Amino acid sequence: MKDFDFNKNTGSIDIYFGKDAEVIIPSEIDGVPVTSIGNTAFWGCKSIESVVIPNTVTSIGNVTFSQCTALESITIPDSVKTIGKGAFMNCEALKNITIPDSVKSINECAFANCYSLKTISIGKSVTRIEKLAFVCCYSLENVTIPDKVITIGESAFSQCVHLKSIKLSEATITIKENAFFDCTSLESVTIPDGISAIEDGAFWSCRSLKSVTIPSNCITHARAFRRCPATINHS
């Protein structure tokens, strides 16, 4: 197809040349299944408002849709297993996202600076949310971390200034440095009994947080709750 640079040997769309507002990625090109969307394939395509990905695709590359500043919606099928680093970084108009159950890790900067992102549904197979994954998602209000997530990475939700509540997974054992730094509207956080470490600056400047209960065996860095008025209770 004329709008795509397609590698028949790998099944990868490597470059999109089109200018359409609505893009439906085909399941096959010239009889060859489309199985991946390559690194930077749609980078900086500022005309795109919506994308539908077919269920033949198993991977979305690094910074694939980064800088698609008009992109409001994208359909990611259950076939997708990998979402690369910075895949949707700086998609300023993206309003909601559903990460399918087939994905096991949300990579570094995957949704960084998605300023309009208000709701996210994280698939139940995700075990790691890597650093800066949702940094500066200013419109995000509530997050439920699914049951298998072990680690919340460095600055993963930093500066999500409208985030009001966070419910962590019972499997979560580590909250990394600055994970929720400057989440100034955060009022409620549920810390699981099995957590073992809350690192430096994890809840720094969470100025609306009033009370937190932490398991007695959890190692909490002295500055984890700096500039946070919360009363720290131990269970």
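See the structure above.
Residues numbered from 1 in each chain as written. Predicted model: local features only at pLDDT ≥ 70, side-chain atom pairs only at ≥ 80, totals over all residues. Heavy atoms only, no water.

Draft legend 1. Summary view of the pairing of strand β2 (residues 12–16). Pairing between strand β1 (residues 4–7) and β2: 4 bridges, direction antiparallel. Paired with F4 across the two strands is Y16, which belongs to β2. What sits between β1 and β2 in their antiparallel hairpin is a turn of 4 residues, with G11 showing a positive phi close to 75 degrees. (Pairing = 2+ DSSP bridges. Helix = DSSP H or I, 4+ residues; strand = E, 2+ residues; numbered from the N terminus.)

Draft legend 2. Structural detail: the sheet that holds strand β7 (residues 50–52). As summarised here, the arrangement of the 3 strands in space is β3-β7-β9, forming an open sheet in which the pairing is parallel. Among the strands making up the open sheet, the edge pair consists of β3 (22–24) and β9 (73–75). For this sheet, the mean angle separating the axes of adjacent strands, direction not counted, is 5 degrees. Strand direction decides the pairing type here: β7 and β9, joined by 3 bridges, are parallel. Looking at β9, one finds that V51 is bridged to I74. (Axes fitted to C-alpha atoms, helices over the stretch in contact; angles between N-to-C directions.)

Draft legend 3. Focus on the sheet that holds strand β17 (residues 165–167). Pairing is parallel across the open sheet formed by 3 strands, whose spatial order is β15-β17-β19. At either end of the open sheet lies a strand with only one pairing partner, and these are β15 (142–144) and β19 (188–190). Taken pair by pair, the neighbouring strands of this sheet meet at an average axis angle of 5 degrees, ignoring direction. Both β15 and β17 contribute to a ladder of 3 bridges, which runs parallel. Looking at the pairing, V143 lines up with I166 of β17.

Draft legend 4. Expanded view of the pattern of salt bridges. All chains considered together, the criterion is met by 5 salt bridges. In this structure, R128 and E130 form a salt bridge, with 3.0 Å as the shortest nitrogen-oxygen distance. R128 sits in the partly exposed class, given a relative accessible area of 36%. Judged by its relative accessible area of 21%, E130 falls in the partly exposed class. For D182, the salt bridge is made with R207, and the minimal N-O distance between the two is 4.0 Å. With D182 in the loop between β18 (174–175) and β19 and R207 in the loop between β20 (197–198) and β21 (211–214), the pair connects residues that are 25 residues apart, well separated along the chain. (Salt bridge = Lys/Arg side-chain N within 4 Å of Asp/Glu carboxyl O. Buried < 20%, exposed > 50% of the residue type's maximum accessible area, 1.4 Å probe, protein only.)

Draft legend 5. Main features of a positive patch on the surface. On the surface, K81, K104, K124 and K148 cluster together to form a positively charged patch. Turning to its location among the elements, K104 is positioned in the loop between β11 (96–98) and β12 (105–106). With relative accessibility at 57%, the residue K104 sits in the exposed group. (Patch = residues over 30% accessible without salt bridge, like charges linked within 9 Å, V, L, I, M, F, W, Y side chains within 5 Å. Areas by Shrake-Rupley, 256 points an atom, 1.4 Å probe, with all protein chains shown as cover. Lys, Arg positive; Asp, Glu negative; His and termini not counted. Charge placed at Lys NZ, Arg CZ, Asp CG, Glu CD.)

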